[in-house]
Amino acid sequence: MTCDTSPERHNGAAAQPEHGARRSRTKGLAGVCLMALIGASACTTNSAPTTSSTTNRSTATAAATTNSTFAAQSGDTQADAAALVTAAYRGTFSAPPSSGPPAVKGKNVWIISCFQVVDSCALPAKGAAAAAQDLGWKSTVVDGQLSSSVEGAAITQAVGARADAIVLVGIDCFGVQGPLAAARAAGVTILGLLAFDCDDPGLDNPGQPMFDLIPATRFAPTQRDLAILYGRVKAAYAITATKGKAVALDIVSPTTLVLHYISQGFQQQLRTCHTCRLAATVEFTNEEILSGQLKDKLTTALQQHPDVDTLEVPFDPLFQLAVTPAVGSRKVLLLGGEGLPANVELVRSHNQTIALATSHAWIGYAGMDMLNRHWAGEKVDAMQIGRAHV
């Protein structure tokens, strides 16, 4: 975890219910937030992979439920929050596997990125392309532009180009399920990297799974659990930093499932602090990020709640696009996302309080390693992708 410990950012204040119900749609930039608490590459196991009777999907299963260090709850609010923060500072990084099968030859992989303009999407895609080159595979990277129609067209184009695999980076199944069904029918392997499948229980109407491969980690059994844990760690930091008096503003997107889960985890942990309070939530869409409307919403919310001392920011590109101009010189805890290079600099300059950092390129490498092991006939265990609190 990267952290600005500047004391003037700490303020005070009492508990409020969780915001949001189940979401009907998943999409966009914030899908990459699931890097939190995840580090680098898949490993093999002797146990059979989880499979779906409909799709034969392999899920990289976690070695246990949530890691006991992150799961422990003693009932002592401050002690529990401090334990979570300590675990986050320690991080979850570990060495990748020291061996693997030879590269399967002659593969053609299409990597579709959620939005190449932002590093959250671009860096994992770049890592996947570099790993594909190392494996001797042909790769094509396409910018999904935060548009289901563009993403769907790219999937269709990949099928026409006889892709062996399509890697969706931060693109959830729901918005592109038609093209994915056609790709599956054509025998293309689908890897959902930092993405949710169409059968996710958080959807109003879960459908059939479409991904052949979807990673989990050793620290949480599903991506949902991982996102909730991500939110819990951020709330724990706020509880600790404000000595149990956090007054929080939570930013959440009703159209992005991962942000719903992060918000759920944040508010879940915040409710354990009976002298803390959730002052408000600010909802946004991808269109509002790009148009500047989110900045205006945040400015208004901060004016309406002058006692807010904590802002939960679900993913790091929001700082440049909305948070920094909205907050201005106001002293609040700014709980960031993935620890992108630009955001680490914001932490150093005291313009962001924390981030949950990982090597984004390794996300892509881990996905390619998973694909190669899958094609080589190996069973895949939890991805060893590490995360640390900065």
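Residues numbered from 1 in each chain as written. Predicted model: local features only at pLDDT ≥ 70, side-chain atom pairs only at ≥ 80, totals over all residues. Heavy atoms only, no water.

As for the overall build of the chain
Right, on to step 1. For the chain, the count of helices and strands is twelve helices and 13 strands.
Right, on to step 2. Looking at the chain residue by residue over its 390 residues, the buried ones come to 58%.
Right, on to step 3. Approximately 14,000 Å² of the chain is accessible, and the part contributed by carbon and sulfur atoms is 52%. (Helix = DSSP H or I, 4+ residues; strand = E, 2+ residues; numbered from the N terminus. Buried < 20%, exposed > 50% of the residue type's maximum accessible area, 1.4 Å probe, protein only. Areas by Shrake-Rupley, 256 points an atom, 1.4 Å probe, with all protein chains shown as cover.)

Examining unusual backbone geometry
Right, on to step 1. Backbone geometry places glutamine 145, a non-glycine residue, at a positive phi of 55°.
Right, on to step 2. Residue arginine 162 is not a glycine yet carries a positive backbone phi of 60°.
Right, on to step 3. Positionally, arginine 162 belongs in the loop between helix 4 (148-160) and strand 5 (165-169).
Right, on to step 4. Relative accessible area serves as the criterion here: at 71%, arginine 162 is assigned to the exposed category.

Structural notes on the nonpolar core
Right, on to step 1. Judged by nonpolar contacts, the single largest core of 58 residues is most densely connected at Leu249, Leu270, Leu298, Leu311, Leu318 and Val323.
Right, on to step 2. At eleven residues, helix 6 (residues 223-241) tops the list of elements feeding residues into this core.
Right, on to step 3. In contact with leucine 318, not counting residues within four places along its chain, are Ile251, Phe284, Ile289, Leu294, Val313 and Val323.
Right, on to step 4. Judged by nonpolar contacts, the second largest core, of 26 residues, contains Trp110, Phe115, Ile190 and Ala195. (Core = buried A, V, L, I, M, F, W, Y, C linked by side-chain atoms within 4.5 Å. Contact = heavy atoms within 4.5 Å.)

Observations regarding the pairing of strand 5
Right, on to step 1. Here strand 5 lies mainly inside the structure; five of its five residues are buried.
Right, on to step 2. Side-chain alternation along strand 5 places Ala165, Val167 and Val169 on one buried face and Ile166 and Leu168 on a second face that is also buried.
Right, on to step 3. Bridge count for strand 3 (residues 108-113) against strand 5 is five bridges, and the pairing is parallel. The partner of isoleucine 111 across the bridge, within strand 5, is valine 167.
Right, on to step 4. Across five bridges, strand 5 lies against strand 6 (residues 189-193) in parallel orientation. Paired with isoleucine 166 across the two strands is isoleucine 190, which belongs to strand 6.
Right, on to step 5. Handedness of the β-α-β unit built from strand 5, helix 5 (residues 177-185) and strand 6 comes out right-handed. (Pairing = 2+ DSSP bridges. Right-handed = clockwise from strand over helix to strand, strands pointing away.)

Details of the state of the cysteines
Right, on to step 1. All chains considered together, the criterion is met by three disulfides.
Right, on to step 2. A sulfur-sulfur separation of 1.9 Å characterises the disulfide bridge that pairs cysteine 173 with cysteine 198. Measuring handedness by torsion sign, the sulfur bridge of cysteine 173 and cysteine 198 sits at about -90° and is left-handed. Placement of the pair is cysteine 173 in the loop between strand 5 and helix 5 and cysteine 198 in the loop between strand 6 and strand 7 (213-214), with a sequence separation of 25 residues. Cysteine 198 matches cysteine 173 in its accessibility class, with the two residues each being buried.
Right, on to step 3. Between the sulfur atoms of cysteine 273 and its disulfide mate cysteine 276 the distance is 2.1 Å. Measuring handedness by torsion sign, the sulfur bridge of cysteine 273 and cysteine 276 sits at about 70° and is right-handed.
Right, on to step 4. The exposure class assigned to cysteine 273 is buried, which follows from its relative accessible area of 1%.
Right, on to step 5. Described in terms of the sequence order of its bonded cysteines, the disulfide pattern of the chain is 1-2, 3-4, 5-6. (Disulfide = S-S within 2.5 Å.)

Looking at the packing of aromatic side chains
Right, on to step 1. Under the criterion given, the structure shown has four aromatic pairs.
Right, on to step 2. Between phenylalanine 196 and tyrosine 261, the aromatic rings sit 5.8 Å apart at their centres with planes inclined by 50°, giving tilted as the arrangement. One end of the pair, phenylalanine 196, is in the loop between strand 6 and strand 7; the other, tyrosine 261, is in helix 7 (residues 257-271), and 65 residues separate them in sequence. Taken as a pair, phenylalanine 196 and tyrosine 261 share a single burial class, namely buried.
Right, on to step 3. A cation over an aromatic ring shows up here: lysine 107 above the ring of tryptophan 375, its NZ or CZ 4.5 Å from the ring centre. (Phe/Tyr/Trp six-rings, centres within 6.5 Å; stacked < 30°, edge-to-face > 60°. Lys NZ or Arg CZ within 6 Å of the ring centre and 35° of its normal.)

Focus: the packing of helix 2 (residues 77-90) against helix 6
Right, on to step 1. At a closest axis distance of 8 Å, the pairing of helix 2 and helix 6 adopts a crossing angle of 120°. In this view, helix 2 runs oblique relative to helix 6, as classed from their interaxial angle. In the crossing of helix 2 with helix 6, the sense of the turn from one axis to the other is left-handed. Within the contact between the two elements, helix 2 uses Thr77, Gln78, Ala81, Ala82, Leu84, Val85, Ala88 and Tyr89 and helix 6 uses Leu229, Arg232, Val233, Ala236, Tyr237, Ile239 and Thr240.
Right, on to step 2. Of the residues assigned to the contact of helix 2 with helix 6, the class counts are eleven nonpolar, three polar and one charged. (Axes fitted to C-alpha atoms, helices over the stretch in contact; angles between N-to-C directions. Parallel < 35°, antiparallel > 145°, perpendicular 65-115°, else oblique. Left-handed = near helix turned anticlockwise from the far one by under 90°. Nonpolar A, V, L, I, M, F, W, Y, C, P; charged D, E, K, R; others polar.)

What to know about the environment of threonine 285
Right, on to step 1. Locating threonine 285 in the fold gives a position in the loop between strand 9 (277-283) and helix 8 (286-291).
Right, on to step 2. A relative accessible area of 23% places threonine 285 in the partly exposed class.
Right, on to step 3. Along the primary structure threonine 285 and threonine 255 are separated by 30 residues, whereas in three dimensions their C-alpha atoms are 6.6 Å apart.

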